[in-house]
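If you want the building blocks of each chain, they are given just below.
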Amino acid sequence: MQVDTNYLRLPREDEIIEYDFELFSWETAMDNFQASIHERQKYDFIQRGVKPIGHYDDEDESTWNRMPTLVSHHAELIPVVSKVRKLIEDKWMIKEPDRVNCHMFVSITSNSKCFDWHDDEDETYIWQVKGKTKWYLGEDETILSPNEIIHIPKFKKHKLEIIEPRISVSFSIERKRR
């Protein structure tokens, strides 16, 4: 579906808005991991195109049956992600050298490992593509479902719980220090 982003607004702090974006498939997500690795090979220095979050520890039995969450550092290579990124760039009037980073998070089980409590230095939007996640935002909690976006302000403490296998895309507004 073609969405006219001129009339869309972005969520305010801790607000969730449901959109009508085209949701991409698990297959597209898997293809993006390879594309992200390929994209990073273009650089003269070593960078990760895909990063696992969480680790397996032979000594810690609690990690034996937990899958990591995989992160793609180039989700913008997916056309619909690029469109959502453009919406955020336009609404925030992002110009070089500032940018919107797009990271895709894929968790294939509900007990996949992910981030614990943390805050980010950038304004961040999370777009839920597949599955559901529970977000803890300070003292509040909310469920994010497919095609919903939430705004997490910079320095707001948050964490998530993976309720079911999921694909989420984060859009962080990186402001270069001048």
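A short tour of the structure in this document, coming up. Quick caveat, the model's predicted, so the values are computed rather than measured.

**Section: the packing of aromatic side chains**
So, step 1. Evaluation of the coordinates by the stated rule reveals five aromatic pairs.
So, step 2. Where Phe21 meets Trp127, the ring centres are 5.8 Å apart and the plane angle is 80°; that geometry is what we call edge-to-face. Within this pair, whereas Phe21 is found in the loop between β1 (16-18) and α1 (26-40), its partner Trp127 is found in strand β5 (residues 123-130), the two being separated by 106 residues in sequence.
So, step 3. Counting every residue linked through ring pairs, the aromatic cluster contains Tyr19, Phe21, Phe24 and Trp127.
So, step 4. Over the aromatic face of Tyr136 sits the side chain of Lys159, whose NZ or CZ is 5.2 Å from the ring centroid.

**A short note on the sheet that holds strand β6 (residues 133-137)**
So, step 1. An order of β7-β6-β9 is seen for the three strands of this open sheet, with the pairing classed as antiparallel. Edge positions in the sheet fall to β7 (140-144) and β9 (158-162), since each has one partner strand and no second. Strand-to-strand twist of the sheet, defined as the mean angle between neighbouring strand axes without regard to direction, takes the value 20°.
So, step 2. Bridge count for β6 against β9 is five bridges, and the pairing is antiparallel. Among the inter-strand pairings, Trp135 is bridged to a residue of β9, identified as Leu160.

**Re the layout of surface pockets**
So, step 1. Of the voids in this model, the largest pocket is the one considered here, and its volume is about 510 Å³.
So, step 2. His103, Phe105, Asp120, Ser170 and Ser172 are, among the 28 residues lining the largest pocket, the residues nearest its centre.
So, step 3. Elements with a minimum of two residues in the lining of the largest pocket: β2 (50-53), β4 (99-107), β5, β9 and β10 (166-174).
So, step 4. In terms of residues, the lining of the largest pocket owes the most to one element, β10, which gives six residues.
So, step 5. When grouped by side-chain class, the residues that make up the lining of the largest pocket number 10 nonpolar, nine polar and nine charged.

Cut-offs and rules
Residues numbered from 1 in each chain as written. Predicted model: local features only at pLDDT ≥ 70, side-chain atom pairs only at ≥ 80, totals over all residues. Heavy atoms only, no water. Phe/Tyr/Trp six-rings, centres within 6.5 Å; stacked < 30°, edge-to-face > 60°. Helix = DSSP H or I, 4+ residues; strand = E, 2+ residues; numbered from the N terminus. Lys NZ or Arg CZ within 6 Å of the ring centre and 35° of its normal. Pairing = 2+ DSSP bridges. Axes fitted to C-alpha atoms, helices over the stretch in contact; angles between N-to-C directions. 1 Å grid on protein atoms, 1.4 Å probe; cavity = no way out; pocket = protein on both sides within 12 Å on 5 of 7 lines; lining within 4 Å. Points joined across faces, edges and corners; volume = space filled by probe spheres on them. Nonpolar A, V, L, I, M, F, W, Y, C, P; charged D, E, K, R; others polar.

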